[in-house]
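These are the residues of each chain, in order.
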Amino acid sequence: MDWITIDACRRHQQLPAATEIRGWVRTRRDSKGGFSFLEINDGTCLGNLQVVVPAELENYASEVQKLTAGCSVIIHGQLCESPAKGQATELHAESVRVIGWCDGETYPLQKKRHSFEKLREWSHLRARTNTLGAVMRVRNRLSQSIHRFFDESGFYYLHTPIVTGSDCEGAGEMFRVTTLNLEKLAGSNRPFDASQDFFGKPTHLTVSGQLEGETYASAMSKIYTFGPTFRAENSNTSRHLAEFWMVEPEAAFFDLRDNMQLAERFLKRIFADCLEHCAEDMAFIDERIEKGKLAQLQGVVDKPFEHMTYTEAVTRLTSCGESFEYPVKWGIDLQAEHEKYLTQFVGGPLILTDYPAGIKPFYMRVSDDESTVAAMDVLVPGVGEIIGGSQREERLDVLQRRMGEAGLDEQEYWWYVDLRRYGTVPHAGFGLGLERAVQYATGMTNIRDVIPFPRTPGNADF
Ligand code: 4AD
Ligand code: MG
């Protein structure tokens, strides 16, 4: 017989029904009336399925009464309407097979609540907790929605390389790729040979798939990438990872306005999907992680996003009377504290545009005023920047000038410059950090808790 998921059991309409479930014990309670109650979870939903086990089962005393949190089991029985409050169904067990015992003495996830910080020490087990389970289901939903949105909007899914020679953001914060030749190293006590580049060429892990993405947008019109991205910035904050997942659409014949509209439609869609398809998890988040999250996300879906230029934002920040740690003046890169003030001021997502050319990468299109570029960041309350994007510089001469100013060797980016030589078009795109989107959807304060295995300075063991 096929088994069914606990999620399906909890929604089952045709009762009673012969059913098999497979999962892990969350709790066991023995009643005086000759029953045990097991709460079983298999990760397909937040809630557990209550299983009523009668004492008549042949392994009742020898096994069932020894079950502890974490044991894995296969249970057959009749799925029935439950008389208990808060659950529609329960399983009346006819057999309980123990698949894997779990040592209650050493199992870290006992009933007691652990801090998220403590749970990070058990990256291999923490998905068995309610919160991490909910967060990872939301992460899955957002990821699936991202693909659906772009597929339905006519964007091709493009795989850009992880190993690359170009530095898209020009920040120089990259992880170098080296070759480890174990045969050569045998007998040598050097851990690795740093002179060994990628077959003789210096390369690093990608900081963004954008430049490669632009080449395909210049042929296939609309593309998006969605993959792991690496930044060697040594920032130990609650919103930075050394390895994160970025979604990057790029569209030919798009200007900044089109780009902003795409970003807004995109965010509305993925958060709406989250509310619709992760209703149970989102209700739990609203109750336990961040009160008001449901109403906040519904607001994102329903209301138009606010817009402000960088210059307007600076005026606002300098006239608001707040004292910021980092003083504000035109030309600075906005800091987290400034973004926080601005999003609180507008009370929702904010699209900031037209940043100073001096603080943005070479590829952003220079505006007529020559001092700003056609850049856009989307900021949200609590997280700050979740999207960074721009219209790209499509004019050959201006691009060459900007590359020179940025100290880039045009020879190295000859293929990128070629796109401006052969049928150039206005085009635009952006990057959404998936983890920041998950943080916003779930209210989780630390980015380390929204990715299965966070990679941060000093943390890459498993
Ligand atoms: O603003 P960023 O650096 O933009 C780019 O990389 C562009 N090439 C994207 C494009 O236009 N195609 O990064 C984009 C987004 C940020 O808004 C943020 O959400 C996320 O990527 N991000 C990070 N997320 C986690 N940890 C980090 N260290 C991140 N750096 C950027
Ligand atoms: Mg940015």
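All values reported here derive from a predicted model rather than from experimental measurement.

The environment of ligand 1 is formed by 25 residues, the closest being E169, Q210, E248, E385 and I386. One of the side-chain nitrogen or oxygen atoms of E233 is found 2.9 Å away from a nitrogen atom of ligand 1. Contact between ligand 1 and G388: an oxygen atom at 3.3 Å from a main-chain N or O atom of the residue. For ligand 1, the protein covers 94% of the area, taking 620 Å² as the surface of the free molecule. Counting only elements with at least two residues in the shell around ligand 1, the list comes to β10 (243–252), β14 (384–391) and β15 (427–433). At 5 residues, β14 tops the list of elements feeding residues into the shell around ligand 1. A breakdown of the residues in the shell around ligand 1 according to their chemical character gives 9 nonpolar, 8 polar and 8 charged.

Evaluation of the coordinates by the stated rule reveals 19 aromatic pairs. Here the aromatic rings of F149 and F150 are separated by 5.1 Å at their centres, their planes lie at 80°, and the arrangement is edge-to-face. In this pair, the class of F149 matches that of F150, namely buried. Of note, K293 hangs over the ring of Y440, and the distance from its end group to the ring centre comes to 4.4 Å. Its guanidinium or amino end placed over the ring of Y355, K360 lies 4.3 Å from that ring's centre, counting from NZ or CZ.

Attention now moves to the sheet that holds β15. If you walk across this open sheet you meet the 8 strands as β6-β9-β10-β15-β14-β13-β12-β11, and the pairing is mixed. In this open sheet, the two strands that pair with only one neighbour each are β6 (156–157) and β11 (306–309). As paired strands, β6 and strand β9 (residues 222–230) are joined by 2 bridges and run parallel to one another. In the sheet register, Y156 faces β9, and the bridge partner there is I223. Sitting on the sheet, helix α6 (residues 256–277) is in contact with β10, β11, β12 (350–356), β13 (372–380), β14 and β15, with an inclination near 30° to β15.

Criteria and cut-off values
- Residues numbered from 1 in each chain as written.
- Chains lettered and ligands numbered in written order.
- Predicted model: local features only at pLDDT ≥ 70, side-chain atom pairs only at ≥ 80, totals over all residues.
- Heavy atoms only, no water.
- Near = heavy atom within 4 Å.
- Polar contact = N/O pair within 3.5 Å; in protein donor to acceptor, adjacent residues only side chain to side chain.
- Areas by Shrake-Rupley, 256 points an atom, 1.4 Å probe, with all protein chains shown as cover.
- Helix = DSSP H or I, 4+ residues; strand = E, 2+ residues; numbered from the N terminus.
- Nonpolar A, V, L, I, M, F, W, Y, C, P; charged D, E, K, R; others polar.
- Phe/Tyr/Trp six-rings, centres within 6.5 Å; stacked < 30°, edge-to-face > 60°.
- Buried < 20%, exposed > 50% of the residue type's maximum accessible area, 1.4 Å probe, protein only.
- Lys NZ or Arg CZ within 6 Å of the ring centre and 35° of its normal.
- Pairing = 2+ DSSP bridges.
- Contact = heavy atoms within 4.5 Å.
- Axes fitted to C-alpha atoms, helices over the stretch in contact; angles between N-to-C directions.

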